[in-house]
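Descriptive structure summary
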Amino acid sequence: MFYLLFLMLTASGDNKFFSVDSVKPGLKGYGLTSFYGTRIDTFRVEVIDVLHGVNPGHTIVLAKLDGEIIKHTGVLAGMSGSPVYIDGKLLGAVAYSWTFSKDPICGITPAEEMQDMISTFGSVKGIAPLRSLLTVSGIGINPYVDSIATMFNLEAVPAGRDTGKGSLVPGAPVGIVFVDGDAVIAVMGTLTYTEGKRIFSFGHPALLSGGVELPFATGKVTGLLPSIYSSFKFISPLKVIGTTVWDGGTGVIAEIGRKPQWIEFTIDGGFKKFHYRLADYPTIIPYLTGSLSFSAIAEILGSDFEGTVKADLNISIEFGGREEVLNRTYYLAGKGLYRDMTFFASGIIGDVLNNPYGELKIRSINLKLKPGKGVNLFTVKDIIIPSEEYSPDEKFRVKVVLGRYRKPDTTITMVLRSPSIEGEYYVDCLNSADLYRIMKTESFENPENIREYVHVLKGYPSNNILSLVVVSSAQTVSRSGIVLPPSKRVALSSLIENGTKLEEKIEMVLNGEIRGIAKKKIVVKRRK
């Protein structure tokens, strides 16, 4: 039924356009948009003049809008794409406005240009595209959502969860869906016209994503918010009906019936589990996973959680016709960990997608959390060795001093063996994940191919393993024993010289997060 309705609407419509060349000041017409639900409302339009060459190959028709609602609200964010007709022919789509405007003045993108897939786009001082709505439901608006809104000049607003098919008539709410499932994030605007299976909307870029295929949905207006600065609609996305095929300078084109590519994302906290589907748009996937993790982990742990969390992150990727699963285990200990856990997950996903070595397609992401009582946090404060001089292959004891959270320091003893070749060396103590990152620095910078990069990603150990190593003095792990806070992703590759060669390594598994680095210099020479 939904598809038949779409064909009836497109078949019965007159797709002839009102040419910009025929536009004169004072011409009057009308526009269509939705102010509530899926109902289509009418507003009056009077042409002011035409701005030619605002951007390369782009013209804007200036017009004044009128109507009972518009008199009170002015031009609303969410009206982007609202069709305007003169003499029964489509002139174009409402697409531009001015903040703090005393009158409801808008800029209209000509319908003739919306078909041309113009890729160029730029802002002109004083005039800007109507801000499309970044509607969010199922999670709160958090720093990651704000980052997406800032990146694409969107207005982040809360939205409700609703059901229904919506409609595909001129003036109906439509948009691009970023997230579906236990939360919904979408960019919403208005449908301008249809042509066959194609839907033309927005009148300006939603994301300027070009030919990226993203889920496209119908919508429903749930309310209006008049504002002196910039009024906007509350719009909830409804049913995904196709995908975008173009998002450029003069609007968004979508194709009905084309199935979008989704990435499955699950966050499992034991007693609570969240499931989402993400649009396959690498530019924003780290932000989407960050925004969802921020909310879900806060709900699982609580904002005042104090304890230790074991996180298992599994990312299914595809490259070169092969599928691989990247597994990463990480421990975090302390208070208010939902922020740090979010940084951990979104940071790794960003590394996968934004690597400079080759494209990696993510197919699914699973984050499993195991919270535990007690803050099992160990900070490497110092290492104590009985002497600075050893014979080749001599065993010696190393005392590792570990700071504890709100507890006295503890000391553990580990036994190392000195290298067999005379020279200067360093004994370094740190967690195995940090050590691995340092060891693979050269692989990160100069991989032979994407397979080597994937191999490095797959090899990461957990950060609850304490490593005590001996390295040559010219290849010391760290020049300064710094302690990195958990809210920062470890970037230790800058702390080494000329790569790292391990001469000796022993490990010990602890029951929590290990931070910090400590080091001592030793000399190996034969005793006379």
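Refer to the preceding data block for the structure.
Residues numbered from 1 in each chain as written. Predicted model: local features only at pLDDT ≥ 70, side-chain atom pairs only at ≥ 80, totals over all residues. Heavy atoms only, no water.

**Here we look at the environment of Ile139**
For clarity, the threshold we go by: Under the DSSP-based scheme used, a helix requires at least four consecutive residues in state H or I and a strand at least two consecutive residues in state E, with every element numbered from the N terminus. Think of it in three bands: residues with accessible area under 20% of the maximum for their type are buried, residues over 50% are exposed, and the middle band is partly exposed, with areas taken using a 1.4 Å probe on protein chains only. Here, two residues are considered to be in contact whenever any of their heavy atoms come within 4.5 Å of each other.
Mapping Ile139 onto the fold places it in the loop between β8 (133–137) and α4 (143–151). Residue Ile139 is classed as buried on the basis of its relative accessible area of 11%. When residues no more than four places from it in sequence are discounted, the contact partners of Ile139 are Val145, Ala183, Ile185, Ser291, Leu292 and Ser295.

**Focus on the sheet that holds strand β22 (residues 389–390)**
Note the threshold: Pairing between strands is defined by DSSP: at least two bridges between the two strands are required. A fitted line through C-alpha atoms represents every axis, and for helices the fit uses only the stretch in contact; the resulting angles, taken between N-to-C directions, go from 0 to 180 degrees.
One open sheet accounts for five strands, arranged β22-β29-β25-β26-β27; its pairing is mixed. For this open sheet the edge positions go to β22 and β27 (502–509), each flanked by a neighbour on one side alone. By the bridge criterion, two bridges tie β22 to strand β29 (residues 518–524) in an arrangement that is parallel. Across the sheet, Glu389 pairs through a bridge with Val523, a residue of β29. Relative to the sheet, helix α7 (residues 432–439) contacts β25 (423–431), β26 (465–472) and β27, its axis offset from that of β25 by approximately 130 degrees.

**As for the sheet that holds strand β24 (residues 407–417)**
Strand order in the open sheet formed by four strands is β24-β23-β21-β28, with mixed pairing between adjacent strands. Strands with a single pairing partner mark the edges of an open sheet, and in this sheet they are β24 and β28 (513–515). Taking each pair of neighbouring strands and ignoring which way they run, the sheet shows an average axis angle of 35 degrees. Across nine bridges, the pairing between strand β23 (residues 395–404) and β24 is antiparallel. Note on β24: the bridge partner recorded for Val398 is Met414.

**Some remarks on the packing of aromatic side chains**
Stated formally: In summary, the pairing rule links any two rings of Phe, Tyr or Trp, Trp by its six-membered ring, whose centres are within 6.5 Å, and it sorts them by plane angle into stacked for under 30 degrees, edge-to-face for over 60 and tilted for everything else. Put simply, a charge is over a ring when the Lys NZ or the Arg CZ is close to the ring centre, within 6 Å, and near the line of the ring normal, within 35 degrees.
Taken as a whole, this structure holds 14 aromatic pairs when the rule is applied. The rings of Phe17, Tyr193 and Phe200 are connected pair by pair, giving a single aromatic cluster. Looking at Arg277, its charged tip hangs above the ring of Trp262, at a distance of 4.2 Å from the centre. For the cation-ring pair, Arg328 lies above Tyr460, with the distance from its terminal atom to the ring centre recorded as 3.8 Å.

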